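Reading the structure
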Amino acid sequence: MSEQSKIRVNGRVHRLQGSDPSESLLRWLKRQRLHGTKEGCADGDCGACTVALVHHDASGRAHYQAVNSCLLPIGVLQGCEVLTVEALAHDGQLHPAQQAMVDCAGSQCGYCTPGFVMSMFAGCYDPTPDALADNAIAGNLCRCTGYAPIRRAAAQLRPQAPLVDRFSAALGDYRPEPAEQQLYNYHCPLSLASALALKQAHPNYRWIAGATDLGVDLSHGRQPAAGYISLDRIGELQQLVITPERVLIGAGVSLTRLERELAGLFPALDQMLPWFAARQVRNRATLGGNLGSASPIGDLLPVLLALDAELQLRGPGAERVLPISRFFLDYRKTALRPDELITAVVLPRRPGLISASYKVAKRQTDDISIVAAAFALAFDQDGCIEHVRLAYGGVAATPLRALQIEPLLVGRQLDRDTIEVVSAALCSAFRPLTDHRASAAYRADLASDLFRKFCAERVR
């Protein structure tokens, strides 16, 4: 265990020796008598536990990120800086985010209020234009249906952002810990070589990145592995390189960063990311983590299939490139070897490609897909289809392309007859399951109807 295992909360340094590294930040804060951070769902759904994490981007600049403290095990936060709602007011003066909630009567029962305040607090220091738009608080649930005054509070803050005050000044003073960290069976390496060496030494340890998936298990007392190797501080996994021919995305790049830095490059990606989850989740969730979990309903996976992504994988002493079409083998099973790591995803940029994605869920925002779909078409100079990808999630044990249906489109114009033939074929292309979210028949109909929707909306 590193002597430097510590966390800084509201300006105070806490030593982590003796702490359970799998304990959530939320529960740990409760033990420090910081009760302003509330526990609602413990699943990352309600936002009551939102805190601000000081995050350093690829250039080393510090930002405040709203995150769900219920999903973050203390072991991955060694050397980190956290602010809770108790830190905001100073000398009897409320922070503007708190004052806006008071001015607009944004609190009813009050249980959700600290989470909303912390989401808005992070937005107050974010220079992006939509930082305090509705999606900034979309990950926070108000149980008293008080959204109208809360939205007015966020709107009141927009003209002031980004704020220049003691919190913005503190961002310039925050520095990431320069050394690798270890707290019992939680390791935080700083390089890819170190991470791979740790995996060789501890083959039964698991990779953990944003902790938005594994964090749910840990929050509920389940231990999926004997130990964990955190990947969120490895600079090699944070690269994002855009060229005319392709985009290379490091596996550790967050979904928030993808949403902002790749906006307009891939319409299918643009359309899926806002529905992926709450802002607090997107701030932590990574592209590599979404791939590595290999969920058949992972929202981004059909998009990557439709865009012909290639995966860069690295193990001890060896690298390889694998088309995403060969990555998914079975339910939660991939071609990734036990000692390998996804290091990057490469998306080719195809001129003239028309793409779109769709997600159907019982609760459209922050919910698991019933069916997700992504489509990509390219036409030749005569208006005939020369390239087609029809990809789906939620219709099988893995994300799948409709490989038997795609050839029906090649060489044809996308007229009414073609659409009817393909739509009918898609109804029987998969053998989905019936579960508590939807019936197999409904999922089969969605596979067809979403293609019709794509043709009506995106292809003229």
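Above this note sits the structure.
Residues numbered from 1 in each chain as written. Predicted model: local features only at pLDDT ≥ 70, side-chain atom pairs only at ≥ 80, totals over all residues. Heavy atoms only, no water.

**Observations concerning the state of the cysteines**
For the record, the criterion: Two cysteine sulfurs form a disulfide in these notes if their separation is within 2.5 Å. Partly exposed residues are those whose accessible area sits between 20% and 50% of the maximum for their type, while under 20% is buried and over 50% is exposed, using a 1.4 Å probe and protein chains only.
The final tally for this structure, using the stated rule, is zero disulfides. Here Cys455 is not cross-linked by a disulfide; its sulfur's nearest cysteine counterpart is in Cys427, at 13 Å. When its relative accessible area of 6% is taken as the criterion, Cys455 is described as buried.

**Describing unusual backbone geometry**
Of note, the bond from Ala161 into Pro162 is cis; its omega dihedral lies within 30 degrees of zero at -5 degrees. Its identity is not glycine, yet Ala105 carries a phi of approximately 55 degrees, on the positive side. Its identity as a non-glycine residue notwithstanding, Tyr184 has a phi of 55 degrees, on the positive side. For Tyr184, a relative accessible area of 39% translates into the label partly exposed.

**A look at the packing of helix H2 (residues 96-103) against helix H3 (residues 113-124)**
What counts is decided by this rule: The angle between two axes is taken between their N-to-C directions and runs from 0 to 180 degrees, where each axis is a line fitted to C-alpha atoms and a helix contributes only its stretch in contact. Note on conventions: DSSP H or I runs of at least 4 residues are helices, E runs of at least 2 residues are strands, and numbering of each starts at the N terminus. Oblique is the label for any angle not covered by the other classes, which are roughly parallel (under 35 degrees), roughly antiparallel (over 145) and roughly perpendicular (65 to 115). It is the rotation of the near helix from the far one that decides the hand of a crossing: anticlockwise by less than a right angle makes it left-handed, clockwise makes it right-handed. Between two residues, a contact is recorded if the distance between any of their heavy atoms is within 4.5 Å. Under the scheme applied here, ten amino acids are nonpolar (Ala, Val, Leu, Ile, Met, Phe, Trp, Tyr, Cys and Pro), four are charged (Asp, Glu, Lys and Arg), and all others, including Gly, are polar.
Closest axis-to-axis distance for the H2/H3 pair is 8 Å, and the angle between their directions is 125 degrees. By the criterion of interaxial angle, the relationship of H2 to H3 is oblique. Handedness of the H2/H3 crossing: right-handed. Residues Ala97, Gln98 and Met101 of H2 form the contact with H3, whose own contacting residues are Thr113, Phe116, Val117, Met120 and Phe121. A class-by-class count of the residues in the contact of H2 with H3 yields six nonpolar, two polar and no charged.

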